[in-house]
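Coordinates in review
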Amino acid sequence: MRGRIGAAGLRAAPALWSAVLAVLVLGGALGPGYVLSYDMVWVPDLAVRGDFWGTGSSLPRAVPSDLVVALLDEVVPGMLLQKVALLGALVVAGAGAARLVPGTGLVGPLAAATLYVWNPFVAERLGIGHWPLLLTYASLPWIFLCARRLAAGERALPQLVLWVVLASLSPVGGIVAGVMVVAAVAASARGVRRPLLVATGAVLAVNAPWIVAGAVHGSATVSDPAAVALFAAQGEGVMPPWLAVLGLGGIWNAEVVPASRTTVVGLAALVLVLAVCVAGLTTWRRRTPRAERHALVAVAVVGLVVALAGRVAPDAVAWLVGHVPGAGLLRDGTRFVALVAPLQALLFGLGAARLAAAVPVRAVGLGVGTFLVLVPVMTMPDAARGVSGRLEAVDFPEEYATVRQAVERDRQAGHPGDVLLLPFTSYRQPGWNDGRRTLDPLGRYLPADYLASDTLVVSGEEIAGEDQRAARVGHHLATLEGPALEQALAGEGIGWVVLDREAAAALAAQEVDAPGYGGSVELGSAEVLHRGTLLTAWQLATPTGHVTPGPADTAPARALLALAWGLAALTLLTALYRSVGTRVTSRRQLRRSD
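Residues numbered from 1 in each chain as written. Predicted model: local features only at pLDDT ≥ 70, side-chain atom pairs only at ≥ 80, totals over all residues. Heavy atoms only, no water.

Observations concerning the overall build of the protein
Each helix and strand counted, the protein has 25 helices and 9 strands in total. Dimensions along the principal axes, computed over C-alpha positions, put the protein at roughly 85 × 55 × 50 Å. Across the 594 residues in the protein, those meeting the buried criterion constitute 54%. Look at the contacts in the protein between residues 6 or more apart in sequence, and 79% of them connect residues 24 or more apart. Looking at the protein as shown, the accessible area adds up to about 25600 Å², and 62% of this sits on carbon and sulfur atoms. One finds the centroid of the 45 positive side-chain charges in the protein at a distance of 22 Å from the centroid of its 41 negative side-chain charges. (Helix = DSSP H or I, 4+ residues; strand = E, 2+ residues; numbered from the N terminus. Buried < 20%, exposed > 50% of the residue type's maximum accessible area, 1.4 Å probe, protein only. Contact = heavy atoms within 4.5 Å. Areas by Shrake-Rupley, 256 points an atom, 1.4 Å probe, with all protein chains shown as cover. Lys, Arg positive; Asp, Glu negative; His and termini not counted. Charge placed at Lys NZ, Arg CZ, Asp CG, Glu CD.)

Here you go:
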């Protein structure tokens, strides 16, 4: 009995340690309220709407994550669901990294878990709000382990599919997961054709919704080539871009980089981590099959190449982004740094275990092991407390609920259309969010489909969006006013206009309130639904003319999207059924053997 308890404790230790690290990293994000940081916007009740299926005029960047959240928060409150997603991602990530480390003992698995949870990639992606990518990152070790089992002839396909589903809540996440699956299965020398075809087919089926949604948008899926230089990997402090990427950082947005990364401490930490990784190479070659080594090296190389491509070959990447539909997914190449982390965590764990075991005095060896396990934490302490306070949870103002109720009443009464969010800019810095920058949360808070600007401003330069409808609306705002503007907006399918007065005042104070932003718009003929200190909402008249459909809002496109969603759902349900069936069968066999 004691042996079983001890073995169970050893198995649970990495997950428990990962949970401790996750709580320290998230800090105030786990308190009451919602975390709003750049692209991470959660609301109390995200209503299911047409755009979430990929039928909107904008590119399907949040397919399928928006729909998944909208369905789940019908069961689990949005506030709790966000915390489960963030905490779960980090715990699953650390536990998975620990599983990669072969052999016995705790130093190796704990060191791998620490580095995988506490590193610049996690801190920076939390800061910029890429929570679906963090779920991808968390799934990578498990995907690798399941894919290797599948390549070895085991019945691991259902488990592999489930991990791929978790990893594929965003287009980039689906690509990253697919690279890991293909590399892990293809690394086997013999009998690889069938499992590779099956695994690749499963990845494509799971990702069919955003693939088809992007395809039906056609030429609209090409992006502004100027984005490549602005989103290219950046240096951090004394580290040039290639070193920052090697240290699992290099994000384009300096605002989310932990301050410790910009000092000599950041460079020293990288040197120490890489030295420990080098110490683990011998053990790795001895204990790990060649196919597994080749697979992890291959995906790490892919991650490094894509992450640095925008810096090393900006013209080539810019051409791809501007001419090849869907290539815009590569413009923020540092997202692919996730592929480097599993190999680095594994080697760090093996190196820490080897160095600790090499000390002849047990107590001293334990101290060395403990020090190495804590190195990532000690060298980047500002990742703690919600990345130094960036992830504090807040409550939405009451006016948001008031406007939501007004729009919902109109919808129930049969008023059609989408919501136009003004000012026509992408990001806000609300005072009630302590001035932290975030995507405009209002559209997600309201119950109807919404139209927001997809033009980005990075380092003072504008990156043109891909949404043609948004471009037309921006032109209307800049050139029309009064009844002519109202009629033009209604002709674009706009049923309501909501102005964020605080954001408009901020633009005016910065003297950047161009007419196209609509910050001072007057809609005299429209019905005022609400006029408060933060928000003003109007209802436009029902359009009398023809509303131009979006590229995905046609009968053939909807049929293709329905097939894609059906394929993804069938793949998921089949994997769940077979996974549960396999577990039930295994338990019955264990009982009979006992």
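Side note on the nonpolar core
In this structure, Leu126 and Leu160 are the most contacted members of the largest nonpolar core, which totals 129 residues. Considering each element in turn, this core owes the most residues, 13 residues, to helix H6 (residues 131-151). Beyond its immediate chain neighbours, meaning those up to four positions away, Leu160 contacts Ile143, Cys146, Ala147, Leu150, Val181 and Ala199. Within the second largest apolar cluster, 18 residues are counted, among which are Leu451, Ile494, Ala526 and Trp538. (Core = buried A, V, L, I, M, F, W, Y, C linked by side-chain atoms within 4.5 Å.)

Quick word on helix H22 (residues 468-479)
Compared with an ideal rise of 1.5 Å per residue, which puts 12 residues at 16 Å, H22 spans 17 Å between its outermost C-alpha atoms and is within 8% of the ideal. All of the buried residues in H22 are Arg469, Ala470, Val473, Gly474, His476 and Leu477. Axial view of H22: buried residues confined to an arc of 160°, hence all on one face. Those residues of H22 that are buried lie in contact with strand E1 (418-422), strand E4 (450-451), helix H23 (482-491) and strand E7 (494-500). (Expected span 1.5 Å × (residues − 1). Arc of directions from axis to C-beta.)

Here we look at the sheet that holds E4
Sheets are built from strands paired through backbone hydrogen bonds, the pairs being either parallel or antiparallel. Read from one edge to the other, the open sheet built from 5 strands follows the order E4-E1-E7-E9-E8, with strand pairing classed as mixed. Across the chains shown, the open sheet's two edge strands, defined by having one partner strand only, are E4 and strand E8 (527-531). Pairing of E1 with E4, which is carried by 2 bridges, proceeds in the parallel orientation. Looking at E4, one finds that Leu420 is bridged to Leu451. Of the strands in this sheet, E7, E8 and strand E9 (535-539) are in contact with helix H24 (residues 501-509), which crosses E7 at around 60°. (Pairing = 2+ DSSP bridges. Axes fitted to C-alpha atoms, helices over the stretch in contact; angles between N-to-C directions.)

Section: the pairing of E9
Across the 5 residues that make up E9, a large majority, 5, are buried. Two strands pair when backbone bridges link them, and E7 and E9 are joined in this way by 5 bridges, in the antiparallel orientation. Along E9, the bridge assignment pairs Trp496 with Gln539. Counted along the chain from E8 to the antiparallel partner E9, the turn is 3 residues long.

Examining the packing of aromatic side chains
Overall, the coordinates contain 13 aromatic pairs when judged by the stated rule. Measuring from ring centre to ring centre gives 5.2 Å for Trp53 and Trp565, while their planes differ by 75°; the resulting arrangement is edge-to-face. With a gap of 512 residues between them, Trp53 in the loop between helix H1 (2-26) and helix H2 (65-72) and Trp565 in helix H25 (residues 555-593) connect regions that are remote in the sequence. Feature note: the residues Tyr34, Phe396, Tyr400, Trp432 and Tyr445 constitute an aromatic cluster, connected by ring pairs. (Phe/Tyr/Trp six-rings, centres within 6.5 Å; stacked < 30°, edge-to-face > 60°.)

A few points about the environment of Ala184
Looking at the element boundaries, Ala184 is found in helix H8 (residues 171-186). Sequence-wise, Ala184 and Ile143 are 41 residues apart; in three dimensions their C-alpha atoms are separated by 8.6 Å.

Section: helix H16 (residues 314-323)
Among all positions in H16, only Val317, Ala318 and Val321 are buried. Taken around the axis of H16, the buried residues stretch over an arc of 100°, which confines them to a single face. Of the residues in H16, the exposed ones pointing more than 90 degrees away from the buried face are Asp315 and His323. Packed against the buried residues of H16 are helix H11 (226-231) and helix H15 (290-312).

What to know about the domain arrangement of the protein
What the domain assignment reports for the protein is domain 1 (2-30 + 77-393) and domain 2 (396-539). Taken together, the contacts link 13 residues of domain 1 with 10 residues of domain 2. Approximately 980 Å² of surface area, both sides summed, lies buried where domain 1 meets domain 2, with 56% of it carried by carbon and sulfur atoms. Taken together, domain 1 and domain 2 are joined by 1 salt bridge. Linking Arg437 and Glu255 is a salt bridge whose minimum nitrogen-to-oxygen distance equals 3.8 Å. Taken together, the connections running from domain 1 to domain 2 amount to 4 residue pairs in polar contact (both at pLDDT 80 or more). Among the residues making up the side of domain 1 that touches domain 2, the classes are represented as 6 nonpolar, 2 polar and 5 charged. (Domains from an automatic or database assignment. Buried area = accessible area lost by both parts, 1.4 Å probe. Salt bridge = Lys/Arg side-chain N within 4 Å of Asp/Glu carboxyl O. Polar contact = N/O pair within 3.5 Å; in protein donor to acceptor, adjacent residues only side chain to side chain. Nonpolar A, V, L, I, M, F, W, Y, C, P; charged D, E, K, R; others polar.)

A look at the side chain of Thr114
Following the sequence through the fold, Thr114 ends up in helix H4 (residues 107-117). Beyond its immediate stretch of four places on either side in the chain, Thr114 contacts Trp17, Leu21, Val373, Pro376 and Val377.

Remarks on the packing of H4 against helix H18 (residues 362-379)
Axis separation between H4 and H18 bottoms out at 8 Å; the angle between their running directions is 10°. Between H4 and H18, the angle falls in the class roughly parallel. Listed contacts from H18 to Val107, Leu110, Ala111, Thr114 and Leu115 of H4 are Gly369, Val373, Pro376 and Val377. (Parallel < 35°, antiparallel > 145°, perpendicular 65-115°, else oblique.)

Considerations on unusual backbone geometry
In this chain, Val63 is followed by Pro64 through a cis amide linkage whose omega measures 5°. Following the sequence through the fold, Pro64 ends up in the loop between H1 and H2. Following Leu422, the chain continues to Pro423 via a peptide bond in cis, the omega torsion being 0°. Along the chain, the position of Pro423 falls in the loop between E1 and strand E2 (427-428). Of note, the phi angle at Leu248 is positive, near 70°, even though the residue is not glycine. One can find Leu248 in the loop between helix H12 (241-246) and helix H13 (264-279). Of the residues examined, Leu248 reaches a relative accessible area of 2% and is grouped as buried. The phi angle at Asp434 is positive, at roughly 55°, despite the residue not being glycine. Its place among the elements puts Asp434 in the loop between E2 and strand E3 (438-439).

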